[in-house]
Amino acid sequence: MSEYWLADSEARVLGPVSLAVVRDLALRGKIHDVRAVSKDGRTFVPVREMPELQEVLSLPPKQGEATRAQAEATQQIRDWLASIKDRPSHEVFRVPANASRDAWRAAFFALIHRYVPSRLPTDATPELRLACEDAFLTLSERMVAIERMFRGPGAVQPPPPPPPSAPSPLPAPAPAHVTWRGGMIHVRLHLARGDARPFTADPEASWKQDSLSVHSNEKVMVNTPAEVTLSFEGHVTQLHATGRVIGVKTTHPLGFSVRLLDLGEDQRAMIRAWVARARA
Amino acid sequence: MSLPEVLIVDDDRLLRTMVKDALSDVPCTVREADSGDAALTAITEREPAVVVLDLVMPGKSGLEVLKALKPKGLKTRILVLSSLDTEALVQQAMADGAHGYLAKPIHPLDVQNVVRAALEAVGSPS
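From a predicted model like this one, the values you see are computed outputs, not experimental measurements.

**A look at the environment of glutamate 147 of chain A**
Residue and element names in this part refer to chain A.
Thinking step 1. Looking at the element boundaries, glutamate 147 is found in helix α6 (residues 126-151).
Thinking step 2. Residue glutamate 147 is classed as buried on the basis of its relative accessible area, which comes to 16%.
Thinking step 3. When the C-alpha atoms of glutamate 147 and arginine 105 are compared, they prove to be 8.9 Å apart, with 42 residues separating the residues in sequence.

This is the structure:
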């Protein structure tokens, strides 16, 4: 029976494996980016020179199987999130309650590795993507609390579980801090936990259009270039983006909307997760 | 008595570091290899108690490392660590000499547990 070696774009090799194993991997969507193949592990040729492999590698992953696997993964993450809701962080991170800062950090990075949205396959279902983003944010929030605990004056107690998620009425949105730099505005906006209104209040300028509405008395004009810095309560990461003013509100409360022009996928994921959590 | 040795074989430095950190509470020493060839050299130099082995690497793959080690009849326990966890491939790896199969992504505690068990199986105190 023939055996094959497969190499990816980084020259990482899997093999020797039978055609049946390659088929199994392809059908389960486990192999991507095969650039060269070999029958002896030494001489590699382009995939097209081995039609039997090319055929197998071009098989689409079994739809039902891929979907079921993703649904199971989504459910596992949701169950895990529900199970840790009221548990103290040391149990979530599986470290001793009096663990060192380094131990907390190591456990955090090991856990977060699983849920980094950018590591998901491109065909990940929206449900799985959202579940990963939720897990990512939940762990990040816990880690922020832990870091704060270590920064506190002599505080060494493990952090309490996060506050209950019972919704509390949101205060009126605070005006954004807007300053001019030449012909450009710099908008700084701090979002309180659970407040996604800048991304959802205006359906014409919502997160779905990479946009947000800003509450401000500053007089700006449509097309004014904007630099936006968003900070999120409970997160250390800020979001920086450039954009343009796409609309100006002339009735109270005054404000304007900005379309963000250079958002990366990670930033979009962060906003999506923030909106989803605010709605939950 | 000297501590048993664990050899971590993976071309991903982050993964090696993560496994190494996970083993910080396990009484063992750790060596690292970033390719199949480096792993075979390291094992020839000194037989480790346990090898944690990635399957997809530059140069010699993890499966080739397994095949190369099988005829040597070493006491070493080999734990495969891979995201390619289809049944057929797991079966092949086990037939080629692996003693266990860990699917990525992994929790550090799981690494710790399987390495502890492997160290016990090979007769080293843990």
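**Digging into the confidence of the model for chain B**
Thinking step 1. The predicted model of chain B has a mean per-residue pLDDT of 90, with 96% of residues at 70 or higher.
Thinking step 2. In the model output, the complex is listed with pTM 0.53 alongside ipTM 0.90.

**Re the packing of helix α2 (residues 36-45) of chain B against helix α3 (residues 62-69) of chain B**
Residue and element names in this part refer to chain B.
Thinking step 1. The contact between α2 and α3 brings their axes to 9 Å, and the two run at 30°. Judged on the interaxial angle alone, α3 and α2 are roughly parallel. Of the two possible hands of crossing, α2 and α3 adopt the one that is right-handed. Across from Gly36, Leu40 and Ile43 in α2, the residues of α3 making contact are Val65, Ala68 and Leu69.
Thinking step 2. In terms of residue class, the contact of α2 with α3 is made up of five nonpolar, one polar and no charged.

**A look at the pairing of strand β6 (residues 100-103) of chain B**
Residues and elements named next belong to chain B.
Thinking step 1. Examined bridge by bridge, strand β5 (residues 77-82) and β6 share four bridges and lie parallel to one another. Bridge pairing in β6 places valine 80 opposite tyrosine 101.
Thinking step 2. Once the chain exits β5 it traverses helix α4 (residues 87-95) before rejoining the sheet at β6, and the crossover so formed is right-handed.

**Topic: the packing of aromatic side chains**
Aromatic ring pairs are defined here through the distance separating the ring centres and the angle between the ring planes.
Residue and element names in this part refer to chain A.
Thinking step 1. Per the counting criterion, the structure on display carries three aromatic pairs over all chains.
Thinking step 2. Between the aromatic rings of phenylalanine 93 and tryptophan 104, the centroid separation amounts to 5.6 Å while the plane-to-plane angle is 65°, which identifies the pairing as edge-to-face. Residue phenylalanine 93 is found in helix α4 (residues 89-93), and its partner tryptophan 104 is found in helix α5 (residues 101-112); the two are separated by eleven residues along the sequence. As far as the burial class goes, phenylalanine 93 and tryptophan 104 line up, both buried.
Thinking step 3. When the centroid spacing of 6.2 Å and the interplanar angle of 20° are considered together, the rings of phenylalanine 93 and phenylalanine 108 count as stacked. Highlighted residues: phenylalanine 93 in helix α4 and phenylalanine 108 in helix α5, separated in sequence by 15 residues.
Thinking step 4. Among the residues examined, phenylalanine 93 registers a relative accessible area of 1% and is labelled buried.
Thinking step 5. Here the aromatic cluster, defined as three or more aromatic residues joined through ring pairs, consists of Phe93, Trp104 and Phe108.

**A short note on the sheet that holds strand β1 (residues 5-9) of chain B**
Paired through their backbone hydrogen bonds, the strands of a sheet run either parallel or antiparallel.
Residues and elements named next belong to chain B.
Thinking step 1. Here we have five strands laid out as an open sheet, ordered β2-β1-β3-β5-β6, and parallel in their pairing. A strand with exactly one partner marks an edge of an open sheet, and here the two such strands are β2 (29-33) and β6. Taken pair by pair, the neighbouring strands of this sheet meet at an average axis angle of 20°, ignoring direction.

**Quick look at the interface of chain B and chain A**
Thinking step 1. Counting residues at the interface gives 28 residues for chain B, matched by 23 residues for chain A.
Thinking step 2. Summed over both partners, the interface of chain B with chain A buries about 2000 Å², with 62% contributed by carbon and sulfur atoms.
Thinking step 3. On the surface where chain B and chain A come into contact, there are two salt bridges.
Thinking step 4. Salt-bridge contacts for aspartate 85 of chain B lead to lysine 30 of chain A; the nearest nitrogen and oxygen are separated by 2.7 Å.
Thinking step 5. Linking chain B with chain A are six residue pairs in polar contact (both at pLDDT 80 or more), by the criterion used here.
Thinking step 6. Taken together, the elements giving at least two residues each to the side of chain B that touches chain A come down to α1 (13-22), β4 (57-58), α3, α4 and α5 (108-121) of chain B.
Thinking step 7. The greatest single-element share of the side of chain B that touches chain A, amounting to four residues, is contributed by α4 of chain B.

**Examining the packing of α5 of chain A against α6 of chain A**
Residue and element names in this part refer to chain A.
Thinking step 1. Two numbers describe how α5 lies on α6: the axes approach to 11 Å, and their chain directions differ by 170°. As the angle between them shows, α5 and α6 are arranged roughly antiparallel. Here α5 contributes Arg101, Trp104, Arg105, Phe108, Leu111 and Ile112 to the contact with α6, which in turn contributes Phe136, Leu139, Ser140, Met143, Ile146, Glu147, Met149, Phe150 and Arg151.
Thinking step 2. Taken together, the residues of the contact of α5 with α6 break down into ten nonpolar, one polar and four charged.

**Here's the deal with helix α1 (residues 19-27) of chain A**
Thinking step 1. Looking only at α1 of chain A, the buried set comprises Val21, Val22, Asp24, Leu25 and Ala26 of chain A.
Thinking step 2. Buried positions along α1 of chain A lie against β1 (3-8), β2 (12-18) and α2 (51-57) of chain A together with α4 of chain B.
Thinking step 3. With its phi angle positive at about 65°, glycine 29 of chain A sits one or two positions after the end of α1 of chain A.

**Examining the sheet that holds β1 of chain A**
Thinking step 1. Pairing within the open sheet is antiparallel, and its five strands lie in the order β4(A)-β3(A)-β1(A)-β2(A)-β4(B). Sheet topology places β4 (44-46) of chain A together with β4 of chain B at the edges, where each strand pairs with a single neighbour.
Thinking step 2. Sheet topology note: the strand β3 (residues 34-38) of chain A/β4 of chain A ladder contains three bridges and is antiparallel. The residue of β4 of chain A that forms the bridge with alanine 36 of chain A is proline 46 of chain A.
Thinking step 3. Sheet strands in contact with α1 of chain A are β1 and β2 of chain A, and its direction is about 120° off that of β2 of chain A.

Thresholds applied
Per-chain numbering applies: the sequence of each chain, read as written, is numbered from 1 onward. All chains are assigned letters beginning with A, and all ligands numbers beginning with 1, in the order in which they are written. Predicted model: local features are reported for residues with pLDDT of at least 70 only, side-chain atom pairs are reported and counted for 80 or more only, and whole-chain, interface and lining totals are derived from all residues. Heavy atoms throughout the structure, all of them, feed into the side-chain values; hydrogens and water do not. Working definition: helices are DSSP H or I runs of at least four residues, strands are E runs of at least two. Numbering for both runs from the N terminus. Relative accessibility thresholds used throughout: buried, under 20% of the residue-type maximum; exposed, over 50%; partly exposed, between the two (1.4 Å probe, protein chains only). Confidence scores labelled pLDDT are given residue by residue by the predictor and lie between 0 and 100. Here an angle of 0 to 180 degrees is reported between the N-to-C directions of two axes, which are lines fitted to C-alpha atoms, with helices fitted over the stretch in contact. Any angle from 65 to 115 degrees is called roughly perpendicular, while one under 35 is roughly parallel, one over 145 is roughly antiparallel, and all others are oblique. Left-handed is the label given to a crossing in which the near helix is rotated counterclockwise from the far helix by less than a right angle, and right-handed is the label when the rotation is clockwise. Contacts: residue pairs with any heavy atoms within 4.5 Å of one another. Put simply, Ala, Val, Leu, Ile, Met, Phe, Trp, Tyr, Cys and Pro go in the nonpolar bin, Asp, Glu, Lys and Arg in the charged bin, and everything else, Gly too, in the polar bin. We call two strands paired when DSSP finds no fewer than two bridges between them. By the criterion used throughout, a crossover qualifies as right-handed when its path from the first strand across the helix to the second strand runs clockwise, the strands pointing away from the viewer. Geometry of aromatic contacts follows a simple scheme: Phe, Tyr and Trp rings, the Trp one being its six-membered ring, pair when their centres are within 6.5 Å, and the pair is stacked under 30 degrees between planes, edge-to-face over 60, tilted otherwise. When two parts are brought into contact, each loses some accessible area as probed by a 1.4 Å sphere; the total of that loss over both is the buried area. One speaks of a salt bridge when a side-chain nitrogen belonging to Lys or Arg is within 4 Å of a carboxyl oxygen belonging to Asp or Glu. N or O atoms closer than or at 3.5 Å make up a polar contact, with two conditions inside protein: a donor-capable atom paired with an acceptor-capable one, and, for residues adjacent in sequence, both atoms drawn from side chains.

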